[in-house]
Amino acid sequence: MANRLNQLLKQWQSSRNTQKWVLATIIETDGSSYRKPGAMMMINDLGQYYGLLSGGCLESDIMLQARRCWDSGRNRIVEYDMREEEDLAWKLGIGCGGMVRILLQPVDEHNQYLQLGELYSLLENNKSAEYGQVVHEKAPQNTLREASVDAVLEHEADVFKQLLKPAPHLAVFGGGVDARPVVAIAVQLGWQVTLVDPRTSYARSGHFDSGVNVVREAIESLEHSKWLQHIDMAIIMTHNIKLDAASLALVQHSSAKYVGMLGPVHRTDRVLDLIPVSRENLVKPLANPIGLRLGGELPESIALSMLSEAHAFIEQQDGQSISGILAR
């Protein structure tokens, strides 16, 4: 299932003139909820929806509410409140125990498609955007402008604004068998993935998702590649000391915030000797050994461990147990 905004808009873009569409956005929550304000879902008149606003319990009713938007051509605001026993949410069996307010907006040429086409273009070109939605039950009136990633939004009365960023971009250096689950999980997360391996017998077509950007040039020649300045994370796993060294040297000139390398410390010391540089003098701090302590030795378990650490790092989280059960 595709839940990132750029994936939802990709589904919408291909049939925006042949089907009726509604954009559903969570604009307010109170207490426990499955998704937070800003979460979006696209709904069409074939009964299909892309994205989730709940764990699946609200979606059928949201689709019914969406039909009223198509009939009226106007926004609609719906509220589901598990704090009140008389609310519809109880009848739907929602178990989160909080309140969720959702803005439904018809998407068509009369309202310039809510500027979703322009928004999709910005995200696909690795640009951030400030997207504003007027919260009322009248004809939709949204705003859009390109924004920097550290933009500070000024909220106006009756306007829900959010800073929307491109999907995280992961570069994987090494296209061996154990890279397959790494790439597969990253694609499932909705991340952009660039796979780098100059060896002809690696990163073979059919082994990786067709949406993955595969780079086969010599690693030393990639310093001026545009994608290098759009990556958020890099995982180095070529299983070749010279290629690992070239990869590690390359990402020092990249936009990557997280850099991890597969392998034990003593092997990585040999990689660093080839650059040559010490760990302390690396421009990008190196996660090595890479990953969280999840256990398991299969390639899929190792992939999950590596991506979990990278995910926690870019989301600025600590990667600890939410319940604390692991500390007992």
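Up top is the structure.
This one's a predicted model, so the numbers in the text were calculated from it and none came from an experiment.

**Q** What is the right way to read the environment of Gln7 from this model?
**A** Relative to the elements of secondary structure, Gln7 occurs in helix α1 (residues 5-13). In contact with Gln7, not counting residues within four places along its chain, are Ala2, Val187 and Gly190.

**Q** Where do I start with the side chain of Asn75 in this structure?
**A** Position of Asn75 among the secondary structure elements: in the loop between α2 (59-72) and β4 (76-81). Note on Asn75: relative accessible area 4%, which makes it buried. One polar contact links the side chain of Asn75 to the main-chain carbonyl oxygen of His136, over a distance of 3.0 Å. Leave out the neighbours within four places in its chain, and Asn75 touches Cys69, Leu103, Leu104, Gln105, Pro106, Val134, His136, Glu137, Lys138, Ala139 and Pro140.

**Q** What should I look at first to understand the sheet that holds strand β9 (residues 169-173) in this one?
**A** Two pairing modes exist for strands in a sheet, parallel and antiparallel, and in both the strands are linked by backbone hydrogen bonds. Strand order across the open sheet formed by 6 strands is β11-β10-β9-β12-β13-β14, with parallel pairing between neighbours. Whereas interior strands pair on both sides, the edge strands pair on one side only; in this sheet they are β11 (213-215) and β14 (286-287). The strands touched by helix α5 (residues 179-188) are β9, β10 (192-196) and β12 (233-236); relative to β9, the strand with the most contacts, the crossing angle is about 175 degrees.

**Q** Would you mind showing me how to read unusual backbone geometry here?
**A** A negative phi holds for most residues other than glycine; trans holds for most peptide bonds. Residue Ile275 is joined to Pro276 through a cis peptide bond whose omega torsion reads -15 degrees. One can find Pro276 in the loop between α7 (265-274) and β14. Although it is not a glycine, Gln112 adopts a positive phi angle of roughly 55 degrees. Inspection of the secondary structure puts Gln112 in the loop between β5 (99-107) and α4 (116-124). Phi angles above zero are rare outside glycine, and Gln115 is one such case at about 60 degrees. You can see Gln115 is positioned in the loop between β5 and α4. Residue class for Gln115 comes out partly exposed when judged on its relative accessible area of 24%.

About the thresholds
- Residues numbered from 1 in each chain as written.
- Predicted model: local features only at pLDDT ≥ 70, side-chain atom pairs only at ≥ 80, totals over all residues.
- Heavy atoms only, no water.
- Helix = DSSP H or I, 4+ residues; strand = E, 2+ residues; numbered from the N terminus.
- Contact = heavy atoms within 4.5 Å.
- Buried < 20%, exposed > 50% of the residue type's maximum accessible area, 1.4 Å probe, protein only.
- Polar contact = N/O pair within 3.5 Å; in protein donor to acceptor, adjacent residues only side chain to side chain.
- Pairing = 2+ DSSP bridges.
- Axes fitted to C-alpha atoms, helices over the stretch in contact; angles between N-to-C directions.

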